[in-house]
Amino acid sequence: MSVDDRQDDAAGAHRSSPTGPRVAPPRERPSPFAARPDAPPQGNAPSPPRAFRFSLWSIIIFVLLLSSVAIQAYRDLSTPGAWDFWRETYIAASMTSAVIPDVDIDGSGRGRRALAISGKIGSASASWLRDRLSEARLKPGDAVLLSSQGGALNQAAIMGEAIRTRGLVTAVATSDASGKLRPAACASACVLVYAGGQTRYGIAGSRLGVHRFTTSAPVSDPLAEAQRIQGMVLGYMTKMGVSSGIVEAMSQTSDIRWLSPKEALALNLITRPVDRP
């Protein structure tokens, strides 16, 4: 073998045939489906995820927004009665209720649906009562039974307005599930709720108590504030058809004064007395 043959064999360019001349080895054709090494990646291959980095300005803006929300919440809860309103709305109401499917208030044998409410009238009791009335599905002529020692005056007036708007009647009483009435007491701001009834039943043995209304919040002129409250109560009671003498009865004492059935009837606070509970 010549030197050229050895070089060709080393390079793999030609091979000697035992019976003929040298022939070139067959060339390997690349597959059309194989990707070229220098070709760019095909398809929509996802790019590697980029790490999210907080910039200094984004952190500052977030802190400022959080601070403004916290400051506003603090201001809202710092106003008088705001915490009580928030607690009664979202945590626990100061009043309780029960729906009585069939109650005979006046002994006529005519049953009606009733919502019995009891407890202290709190800072959110007006909205609470609206929700309970909607849930109870009371219709005009149905009843609201009251048992309360009073509470927030402005809330009581709104509650009375809600009762009047729906054409409901009121009575001072409690009831068991069977609809049997028991005497109860309604004093102070509760009397304003009771006055909202289209008809106000006077249940035998139940009591209505009034007193002079004052404010516990600090005011610059207590006398002017007292006159304002008295004027508000007078306007409300007159609108509900109660005699203006009710305000005089309230102003006589800061303690609870229990009205006799005869007094309550003369003041038109009770519009229909009932002899039996």
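Details of the structure are given in the entry above.
Here's a quick rundown of the structure.

Definitions and cut-offs
Residues numbered from 1 in each chain as written. Predicted model: local features only at pLDDT ≥ 70, side-chain atom pairs only at ≥ 80, totals over all residues. Heavy atoms only, no water. Pairing = 2+ DSSP bridges. Helix = DSSP H or I, 4+ residues; strand = E, 2+ residues; numbered from the N terminus. Axes fitted to C-alpha atoms, helices over the stretch in contact; angles between N-to-C directions. Phe/Tyr/Trp six-rings, centres within 6.5 Å; stacked < 30°, edge-to-face > 60°. Lys NZ or Arg CZ within 6 Å of the ring centre and 35° of its normal. Disulfide = S-S within 2.5 Å. Buried < 20%, exposed > 50% of the residue type's maximum accessible area, 1.4 Å probe, protein only. Parallel < 35°, antiparallel > 145°, perpendicular 65-115°, else oblique. Left-handed = near helix turned anticlockwise from the far one by under 90°. Contact = heavy atoms within 4.5 Å. Nonpolar A, V, L, I, M, F, W, Y, C, P; charged D, E, K, R; others polar. Salt bridge = Lys/Arg side-chain N within 4 Å of Asp/Glu carboxyl O. Core = buried A, V, L, I, M, F, W, Y, C linked by side-chain atoms within 4.5 Å.

## Considerations on the sheet that holds strand S8 (residues 207–210)
Turning to step 1, where the next piece is worked out: Taking strand neighbours across the sheet as the criterion, the three strands line up as S6-S8-S9 in an open arrangement whose pairing is mixed. Two strands bound the open sheet, and with one partner strand each, they are strand S6 (185–187) and strand S9 (257–259). On average, each strand axis in the sheet is tilted by 30 degrees relative to the strand beside it, whichever way the strands run.
Turning to step 2, where the next piece is worked out: Here S8 runs beside S9; their pairing, made up of three bridges, is antiparallel. Bridge pairing in S9 places Gly-209 opposite Trp-258.

## Section: the packing of aromatic side chains
Turning to step 1, where the next piece is worked out: Counted according to the given criterion, the structure contains zero aromatic pairs.
Turning to step 2, where the next piece is worked out: Seen from the ring of Trp-258, Arg-207 lies directly overhead, with NZ or CZ sitting 3.9 Å from the centre.

## So, the state of the cysteines
Turning to step 1, where the next piece is worked out: Counted according to the given criterion, the structure contains one disulfide.
Turning to step 2, where the next piece is worked out: Linked covalently through their sulfurs, Cys-186 and Cys-190 form a disulfide whose S-S length is 2.1 Å. Across the disulfide from Cys-186 to Cys-190, rotation about the S-S bond amounts to roughly -115 degrees, and the bridge is consequently left-handed. The pair formed by Cys-186 and Cys-190 is uniform in burial state, with each residue classed as buried.

## Quick word on the packing of helix H4 (residues 125–136) against helix H5 (residues 153–165)
Turning to step 1, where the next piece is worked out: Across the interface, H4 lies against H5 with an axial gap of 8 Å and an inter-helix angle of 25 degrees. One way to sum up the angle between H4 and H5 is to call them roughly parallel. When you trace H4 past H5, the crossing you get is right-handed. Contact with H4, carried on its side by Ser-125, Ala-126, Leu-129 and Arg-130, involves Gln-155, Ile-158, Met-159, Ala-162 and Ile-163 of H5 and no other residues of that element.
Turning to step 2, where the next piece is worked out: Looking at side-chain class alone, the contact of H4 with H5 contains six nonpolar, two polar and one charged residues.

## Description of the packing of H5 against helix H7 (residues 222–239)
Turning to step 1, where the next piece is worked out: Running from N to C, H5 and H7 cross one another at 15 degrees; their axes reach a closest spacing of 12 Å. Of the possible angle classes, the one that applies to H5 and H7 is roughly parallel. Of the two elements, H5 crosses H7, and the hand of that crossing is left-handed. For the pair H5 and H7, contact is made by Leu-153, Ala-156, Ala-157, Gly-160, Glu-161 and Arg-164 and by Ile-229, Met-232, Val-233, Tyr-236 and Lys-239, respectively.

## Concerning the pattern of salt bridges
Turning to step 1, where the next piece is worked out: With the rule as written, the count across this model stands at six salt bridges.
Turning to step 2, where the next piece is worked out: The residue Lys-139 makes a salt bridge to Asp-142 at a minimum N-O spacing of 3.7 Å.
Turning to step 3, where the next piece is worked out: Notably, a salt bridge pairs Arg-182 with Asp-176, separated by 3.6 Å at the nearest N-O pair.
Turning to step 4, where the next piece is worked out: For Arg-182, a relative accessible area of 41% gives the class partly exposed.
Turning to step 5, where the next piece is worked out: Note on Asp-176: relative accessible area 21%, which makes it partly exposed.

## Some thoughts on the nonpolar core
A general tendency of soluble globular proteins is for nonpolar side chains to be buried together.
Turning to step 1, where the next piece is worked out: In this structure, Ile-117, Leu-192, Leu-208, Met-237, Ile-246 and Leu-269 are the most contacted members of the largest nonpolar core, which totals 46 residues.
Turning to step 2, where the next piece is worked out: At six residues, the largest contribution of residues to this core is made by helix H6 (residues 190–195).
Turning to step 3, where the next piece is worked out: Ignoring any residue separated from it by four or fewer positions in sequence, one finds Leu-269 in contact with Val-191, Tyr-194, Ala-195, Arg-200, Leu-208, Val-242, Ile-246, Leu-259 and Ala-264.
Turning to step 4, where the next piece is worked out: Residues Val-169, Ala-173, Leu-181 and Val-274 belong to the second largest nonpolar core, which totals 14 residues.

## Here's the deal with the pairing of strand S3 (residues 143–147)
In regular strands, side chains alternate between the two faces of the sheet.
Turning to step 1, where the next piece is worked out: Within S3, five of the five residues are buried, which leaves the element mostly enclosed by the surrounding structure.
Turning to step 2, where the next piece is worked out: Where burial is concerned, the two faces of S3 agree: the one with Ala-143, Leu-145 and Ser-147 and the one with Val-144 and Leu-146 are both buried.
Turning to step 3, where the next piece is worked out: Direction of pairing for strand S2 (residues 112–119) relative to S3: parallel, over a ladder of five bridges. Residue Leu-115 lies in a different strand from S3, and its bridge partner there is Val-144.

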